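Fold and contact review
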Amino acid sequence: MDWLTFLNVLDSAVRLSTPLLLACLAGLFTERAGVVDIGLEGKMIAGAFAAGAVAVFTGSAWIALLAAIGASVFFGLVHAFACVTQRGNQIVSGVAINFIALGLAAVLGHSWFEQGGKTPAPPVSGRFTSIDLPYAAEAAQMGPVGRFYADVVSGHNILVYFAFLAPFLAWWLLSRTRFGLRLRAVGENPAAVDTAGVSVARLRYSGQIICGALCGVAGAYLAIGLNAGYLNNMTAGRGYIALAALIFAKWRPVPALFVCLLFGFLDASANRLQGVSLPSVGVVPVQFIQALPYILTVILLAGFIGKAVPPKAGGVPYVKER
Amino acid sequence: MNLDKTEPTAVPAAIELIGVSKSFGPVKANSDIHLRVAKGAIHGIVGENGAGKSTLMSILYGFYQADSGEIRVNGQPVRIRDSQEAIRLGIGMVHQHFMLVENFTVLENVLLGAEGGALLGKGKAEARAKLAELAREHGLEVDPDALISDLPVGAQQRVEILKALTRGAEILILDEPTGVLTPDEADQLFEVLRQLRAEGKTVLIITHKLREIMAITDAVSVMRQGRMVGTVRTAETSPEQLAEMMVGRRVLLKVEKGPANPGPAALTVENLTLRDGAGVERLKNVSLTVRRGEIVGIAGVAGNGQSELLEAIAGLRRPTSGRILLDGTPIPHDPRALREMRLAHIPEDRHKMGLVLKFETRENSILGYHLDHRYGGALFDRAAIEAECQSQMEAYDVRPPNSRLKTANFSGGNQQKIVLAREFERGPHALLIGQPTRGVDIGAIEFIHRRIIEMRDAGKAILLVSVELDEIRSLSDRVLVMFDGRIVGERSPEADERELGLLMAGVTGAGERGAA
Amino acid sequence: KPAIVYDLGGKFDKSFNESAFTGATKFKEDTSVDFRDFEIQNDSQREQALSRFARQGFSPIVSVGFSHEGAVSKVAPQFPDTQFVIVDSVVDLPNVRSIVFKEHEGSYLAGVAATLASQTKKVGFVGGMDIALIRKFACGYVQGVKATDPAAEVFQNMTGTTGAAWADPVRGGELAKSQMARGADVVYHAAGGTGEGVLQAVADAGKLGIGVDKNQNALHPGHVLTSMVKRVDTAVYDTFKEAQAGEWTPGLRVFGLAEDGVALAVDENNQALITEEIAAAIDAAREGIISGEIAVHDYMTDSACPVQ
Amino acid sequence: MSQPAARLPLWVDFGLIPLLNLVAAFAVAGLVVALIGENPLDVARIILYGAFGYGEGVGFTLFYATNFIFTGLAVAVAFHAGLFNIGGEGQAYIGGLGVALVALGLDPYLPWWLLAPLAVIGAALFGALWAWIPAVLQAKRGSHIVITTIMFNFIAASLMAWLLVDVLNPGAGSMSPGTRFFDAEAVPPRLSEILAPFGVDLGGSPANLALVAAVLAALGVWLLLWRTRLGYEIRALGHNSSAAAYAGVPIARVIIIAMLISGALAGMMALNPVLGDQGRLLLEFPGGAGFVGIAVALMGRSHPLGVIFAALLFGMLYQGGSELAFEKPSISRDMLILIQGLVILFSGALENLFRPALARIFAPRAA
Ligand SMILES: Nc1ncnc2c1ncn2[C@@H]1O[C@H](COP(=O)(O)OP(=O)(O)OP(=O)(O)O)[C@@H](O)[C@H]1O
Ligand SMILES: Nc1ncnc2c1ncn2[C@@H]1O[C@H](COP(=O)(O)OP(=O)(O)OP(=O)(O)O)[C@@H](O)[C@H]1O
Ligand SMILES: [Mg+2]
Ligand SMILES: [Mg+2]
C-alpha cells in the first residue's frame, strides 16, 4: 500500500469506526455502572430512525439529533427500569430492546412514510455534512503529513469529531470527577456505594441515560451523517461489534478509541482488498476478504489480549434485601 | 437482666433503639429490639449466627429501613433513610463483609461518597491530608495509593475504619472486625478503639469472640433469634454466662481432647515453592510432615501462603518446585486422583469452593465424588445419592434435613456441616482443613471441633489452617507459623500467645530481633 | 384477481420488488381491479404464500425473484388452473410464465455511458452480495466499459455476505468513496438499499452514479448519470392485462433491449448529463445489440465473464 | 434472577403471572397497532387464528418451533456451563452444510430413513465443529466466547456464501445461491403426510420429522444435565468454577465439551429447513433462528421443558405474524418483530412486574 492509498483507507476507517466508537463508549458507561447492555444495536436503530424521521419532518439536523438522542434514551430508560428497578435479567432486556426498536422503527416508518419502513431522504439541512478544517486545501500540497491532515483529519462531519473527542471526555469524566468515581464504583461493588450513602439506582440510570445519548448520536450519524435517511436495519450488526470492541478495550475509553479504529481499519482495508490479486494465489474470493476482519479479530483476541475482566458487578441486579 | 430499666440514665445515650423490628420476607431478623448505648462507651453485641446483629446495625446505619420502631441519636428521634443520613448524624460503620471497591486505591475508597465537590482534585488532596493526620494520631497507617486488592485483610479493615473516621464519625459500628486479624493486630485495633473512646466517641462492636468482649467492652448486649436477650455490664459477667445467654443452653467453651498418639508420617511436604499467575512467590521452600493421629496447625495472618499451601497439596495449584508425598508416594496434580488416595480437603471458603450453592444439597453431598461408581453408571443412581445425603445429614445433624433444598438456603453453620460431612464420612486417611469454623456460631463450633478431634483419634493425619489462633491452639498437637510464604517456626500449642503472635507478624527469634 | 409474492427484500426495496409493485399499482389504477400481495420473511413462506393465494382463487400469481424458483415448481403443478408467473428465473411448467431480463445488455449500455461520462476513465461497480445475478450485471457493465475504452479501469466491490448486504448504505457509501479515492468518477450499483448509500456518497462528492432496476435519476438530480431500469413493472402490468383479457400464455418471456425490458432512463433529471456524444454512443450500442452485431456475454450461460 | 420474597400458589406462579405478562406485552403491542389506526383485537384474533386456528397454521407453528427448540437448547446447554453462545446462527448455518454434504453425497444411494440419521450426524458434527474453535480459545486462551462466537457467525456467512455461489452451486443457469435439490427419495416425509391417515390435517405445512428429533434432543439434554456425571460437571462449572475445580472437574475439557454439544444442537436445527422443508441448502437459511434461540433459552429458564414452551410461543408468533402480514397489508410485516420484543421484555426482563401486587393478594401471611 502506498501512502495515498493508506491515507484513503485510514480516512474510510475514521468514518467506519465512528459509529462503533460511539456505541462502544455507550456500552462502556452502562457496563462500568454494572448494567450489561446487548441492546446497543436496538438503541442505535431507535436513534437512526428518529433522526431520519425528524430530519424529514423538520429539515433540521440538530433537531433530528436531539430526537435521536431522545428516542435512544427512552430505550435506555426502559432497560434501566427493567434491570435496575425491576431487577430483571439484563441480557433478556437487551435482547428485547433490540427486537422492539427494530420492529417499532419499521412499523412506524411504514405507517408514516409508506416506503416499507424507510424514511425518505431529508433535505441537505437535515443532514450533517462534512467540514473542511482550516488550511486543509493548502496542507494537501505540503507533503505526506499535509495530506494526512487534509485527507484523514479534515473533511468529516461534526459527529465524527465529537466521536473522536468523546473517549477523552469519557476518560476525564470517569477518572477525574465525582460522578465518574461513583459510576465506576457501582459497577464493581454497588453495596460499597450504597453504604456510602449514594443511590445505586440513580447511578445506574445515569449510566443508561449516557449510553442512550451516545447510541442516539451513533444512530443519527448513520442516518443523517453518513447516509441520507433511515433504512430498515441499517445498523447491520454494528452494535454487536461495538460490544466486542468494548471487551477488547477492556472497558477503558482510550483503548476503546484504538480498538474501534482498528476495527474500522480492518473493515476499510477489506473493502480495498477486494479483487486484489495476490502473488501465487491469484484473486482471492471476495467472501474471504470480507471475512478477513472477523478472522483477524479472533486471531488478535486469541493471541494478544488474553482474559478481559469485566466490571465485577456487571449483569447482576443489586439486591439489598432478599 | 435488662439493666436499662434499672440503671439511672446518668450517662446520656448516644443511641437508643425502641421497639425496632425488621423482617426479610418471612424471616424476622429483628423483632422488638430495645437497646441503649451510652455515650463514650465501647458497647459489645454478641449472638449466634443469624441472630440479627448485622441487620440491627445496618438499620442504624441507614442501610436497611426498620419496619417499625424508633431510633434516637443523642436523645433526638431521627429517621435514618439512607447511609448518607447516618453519616450526617455522625454514624460510621465497618461492615462484616467489607464495603470496599477492590480495584480502587485506598484514597478512592475513602473518597467515595465524600468527594467534596464535583471534581476530585481538591477532595483528593484533602483526603490525603486527613489520612496522614489520622495515621499520626491513631497509628492507622496505609498507603493511600495502594490498590485494595493488593492489601492484606488487616489493612483493608484499617481502610474501612479510616473511611468512617474521615467522614467524622462520632459513633462507630464495627461488625465482627477481628475475624481477620492476628491477635497483635486485634490488640492494635482495640488500642485504637480505646483511644477513640477517650476522645468521647462511642463504639459498637459485634464479635463472636467472648475473650475480646471481656477485654474491651464496657457493656454487652446479647441477641438470640432476632430478639434482644439482655444487656449486661462487662465487669459483671463472664464468658460462660454470655455463651449461655446466646445459645440458650450451657456450652462447653474449651475443647476436650486427650493426648495425641502420633503414628508414622502420612503427609510430607519437601521444599515446596510456588509462584502465582502474576509471578509472585507465594510459597518459599516450605517443608513439613504430618503424622497419623496428629493435628498439625498452621497459624498465620490471612494471606501469608496458608491458602496456597493447602491448595497446592490438594492438587489445585501446581508447585513451581518441591515434592509432596502421601504415604511415601509423590502425589499427582489432580484433585480427583487425590480423593481416590483418600486425601480429603475442607476448603477455606465454603461459598467459593466447597459448595455449589445453587445445587440441591444431595448434589453437593457428592461433589468431587460424583464419578464414584456407587452413584451410578451412565446415568446417576439417584436413590444411592439420596441415601448418601440422608446419612450425611443425619450424622452431622444438618438442619433442616432436606436433601432437595438448595444449599444456598441453609445457614452458614449448616452449610459448613454439609461440607464436613461429605469429606469426613468417606474415611479419608489424611485431611486438609481450612478455616473449619469461619463465621460459624458457638454451638456449631463446638460440634465441629469435636468431630475434628474424633478424626485425629481415629488415626487420621490432619493439617489444619485457621486464622483463629485460639482454634489452632486448642485443636493442634503441633503449631507451625507461616509468614510471607515461609514456615517461620514450630511451637507447642501451649506456647505463649504473645510469642506466637510475634511469629505471625514475622518477628523470628522474638528476643533479639523484636527490638530491632 | 391477481396477486404478487415479493422476495425477502420486501416490496419497498427501491429495486425489482418495488418495480413489480409499481406495475401492479398502475394496473389497479387503470382497471380498478385490486390485487393482493405478500412480503415473505423466510424461505418456508414462499410455498405457503403461493399455495394460499392459489387456494383462495387468485390468478395470475406473480412471484418476484429467482428464489421462488423452487416454490413455484412445487406449487404450480398442484394448481394447474392457476396462472403462475416467475420473475428472474425459469420454471418450465404448462401453467407458469417465466420472465427473465437481459440485465447484461442494459448493464452494457450503462458501461458505455459511464466510460464516456468519466473524465478519469476509471469507473466503479458496487454489488450487494457476490451472487450469480449480480455478477451478470457486473459482467455486462465491464463489457460495455472495455468496448468503449479498452484502457479504462473498472473497480468492482461487493458489499457483504449476509442479508444486510442489501441494506447497508453505510458500507455502500464507503465502497463508493474508496473507489472514488482510486479515481473513479462514475459508479454503477446493483445493491438494493445499499445502493442508496452509493448514490448518496457519489452525489456528496460531486461525482456521478448510475441507478439500477428502477429509475433512480430523481434521487440526486444532476448526480445520477442514468439508471439501468429493468421493466419488471411493465412485465407485471402486461401479465395482469393479458390475464384480464384472457390472452395469458405460459412460457418463457425474455426482456432485453429489443423488448424494452431493460433500458437506460433519461428524464429531466439527467438530461444535462447525457451529452449528445453519450446519447449517440448509447444508441449505437443499443442498435448493435439488438441487431446482434454486438454480442454481450451473459454470465449465467457459463458462470464466467470474458473480461474483468 | 431475584428470589421471590414470598411463595405464591403454584397456579399463580406458573399460570397467572406468565399470562399477565403476555397480556401486558400484547397490550403494548395493541397500543402501537391502535396508534397506526388498526383494531388491536382484530390483530390478536388473526395471530391466534393463524397460529392455532387451522391445520396448516398449526403445522407452520410447529415447524418454526422446531427450529427454536434446537437453537434454544443450544444456548441453554452453554448457559448451564456458564458460557454465552451467541454463535448459534453460524453453527446452524454450518450444520446445514453437514446436512447438505451427506444428502448430496448419498442421496442417489440411500432411502430417507437411512439417510436421515446420517444427516443428523452430519448436522451435529458440523455445528460442533463451528463451536469448537471458540470453545478452545475460551478454554485455553481465555478469549471471550461472546466475541469469538459473534465473529464466527460472520465468518460462517462468508464461507457459506462462497460455497453456495462458487462451489456447491449446480452451475450455469442457476440463479439462486444454493445447492441442487436433494433426491426426493432422500427427503423424509412431512408430518402432514404421516398424520394424514389419522385424520390430522396439517395442510401444506413443512413441519417434519425434525420436530420429533427436537423433542428427543430436549429429552436428551434434560437427561444429560440432570442425570449424568457430565451434566453434573457442566452445571457445577456454570454455577461455580472454583468449586468445579475443587471437585476435580477438568475445566477446559468440560468447557469444550459443553460448547461442542451446544454447537451440535444448533447445527441440528438445519435438519428442519434444509432436509425437512427445502430439500436443498439455501443461502441464509437459518434466518435469525440462532438469535431467537437466545430469547427462547432465556425465557425457558434454560430448562428443556421451558425451552419447548418458549419455542412454541415464538413459533406461534412467527406463524401468527405471517398470517397477520397476509390479512393486514397496512401493518408492516415487522410488527411481528415488535411483538416478539415485547413478549421477551414482559415475560423475561419484567417477569416480576406483577408479582408484588399478586403477593399482596395471594401470599399466605408470614407468621
Ligand atoms: N439466600 C437465601 N435464600 C433464602 N433463604 C435464606 C438465604 N440465606 C439464608 N436463608 C435463610 O435464613 C436462615 C438463616 O440464615 P443465616 O445464614 O443467617 O443462618 P444462621 O442463623 O446464621 O445459622 P448458622 O448459625 O448455622 O450460621 C437460614 O436457615 C435460611 O433458611
Ligand atoms: N438482605 C437480607 N435479605 C434477607 N434476609 C436477610 C438479609 N440479611 C440477613 N437476612 C436474614 O436475617 C437474619 C439475621 O441476619 P444477620 O445478618 O443480621 O445476622 P447476624 O446476627 O449478623 O449473623 P452473623 O453472625 O452470621 O453475622 C438471618 O436469618 C439472615 O438470613
Ligand atoms: Mg450466618
Ligand atoms: Mg452479621
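Residues numbered from 1 in each chain as written. Chains lettered and ligands numbered in written order. Predicted model: local features only at pLDDT ≥ 70, side-chain atom pairs only at ≥ 80, totals over all residues. Heavy atoms only, no water.

1. Section: the interface of chain C and chain D
For clarity, the cut-off: The contact criterion used is simple: two residues touch if any of their non-hydrogen atoms lie within 4.5 Å. Once two parts are brought into contact, the accessible area they lose, counted with a 1.4 Å probe and summed over both, makes up the buried area. Within this document, salt bridges are pairs made up of a side-chain nitrogen of Lys or Arg and a carboxyl oxygen of Asp or Glu, the two lying within 4 Å of each other. Think of a polar contact as two N or O atoms within 3.5 Å of one another; within protein, one of them needs to be a possible hydrogen donor and the other a possible acceptor, and neighboring residues in sequence only count if both atoms come from side chains. Strands are runs of DSSP state E lasting at least 2 residues, helices are runs of H or I lasting at least 4, and numbering of each runs from the N terminus. Three residue categories are used. Nonpolar comprises Ala, Val, Leu, Ile, Met, Phe, Trp, Tyr, Cys and Pro, charged comprises Asp, Glu, Lys and Arg, and polar comprises the others, including Gly.
Residue-level contacts link 37 residues of chain C with 36 residues of chain D. Both sides of the chain C and chain D interface together cover about 3,100 Å² of buried area, and 50% of this is carbon and sulfur. Our count for the contact surface shared by chain C and chain D stands at five salt bridges. C:E47 serves as the salt-bridge partner of D:R190, at 3.9 Å between the closest nitrogen and oxygen. Summed over the shared surface of chain C and chain D, the number is ten residue pairs in polar contact (both at pLDDT 80 or more). Looking at the side of chain C that touches chain D, the elements that each hand over two or more residues are β2 (36-39), α2 (45-55), α3 (69-75), α5 (132-148) and α10 (299-302) of chain C. In terms of residue class, the side of chain C that touches chain D is built from eleven nonpolar, 14 polar and twelve charged.

2. Some words on the domain arrangement of chain B
Residue and element names in this part refer to chain B. To keep things clear, this is the line we draw: Bear in mind that the domain bounds are from an automatic or database domain assignment.
When its domains are assigned, chain B resolves into domain 1 (15-247) and domain 2 (265-354 + 429-509). Each of domain 1 and domain 2 has a C-alpha centre, and these two points are 32 Å apart. With 13 residues of domain 1 at the interface, the matching set in domain 2 holds 15 residues. The junction of domain 1 with domain 2 conceals about 1,200 Å² of combined surface from both sides, 56% of it contributed by carbon and sulfur atoms. It is N49, P183 and D184 that lose the most area in domain 1 upon contact with domain 2, and together they represent 33% of the buried surface on that side. Along the contact surface separating domain 1 from domain 2 lie one salt bridge. Taking the shortest distance from any N to any O, the salt bridge between D470 and R211 comes out at 3.5 Å. The tally of links between domain 1 and domain 2 comes to one residue pair in polar contact (both at pLDDT 80 or more). Those elements that provide at least two residues to the side of domain 1 that touches domain 2 are α7 (183-198) and α8 (210-216).

3. Digging into helix α6 (residues 169-181) of chain C
All names here are of chain C. How we decide: Here, expected helix span is obtained from the residue count minus one, scaled by 1.5 Å. Relative accessibility under 20% of the residue-type maximum defines a buried residue, over 50% an exposed one, and the middle range a partly exposed one, all with a 1.4 Å probe and only protein chains included.
Relative to the 18 Å expected for 13 residues at 1.5 Å per residue, α6 spans 18 Å between its end C-alpha atoms, a close match to the ideal helical length. Burial analysis of α6 places eleven of its 13 residues in the buried class, which makes it a mostly covered element. Of the positions making up α6, those classed as buried are P169, V170, R171, G172, G173, E174, L175, A176, S178, Q179 and M180.

4. Considerations on the site of ligand 2
All names here are of chain B. In plain terms, the rule: Any residue with a heavy atom positioned within 4 Å of a molecule or strand is treated as near that molecule or strand. Surface exposure here means Shrake-Rupley accessible area, sampled with a 1.4 Å probe, where a residue is shielded only by the protein chains that are shown.
The environment of ligand 2 is made up of 18 residues, and the closest members are G50, G52, K53, S54 and T55. With respect to ligand 2, the backbone of A51 contributes an N or O atom lying 3.2 Å from an oxygen atom. Contact distances for ligand 2 include 3.0 Å between a nitrogen atom and a side-chain N or O atom of Y64. Expressed as a share of its isolated accessible area of 620 Å², the protein-covered part of ligand 2 is 79%. Looking at the shell around ligand 2, the elements with two or more residues in it are β2 (27-38) and α2 (53-60). For the shell around ligand 2, a count of residues per class yields five nonpolar, seven polar and six charged.

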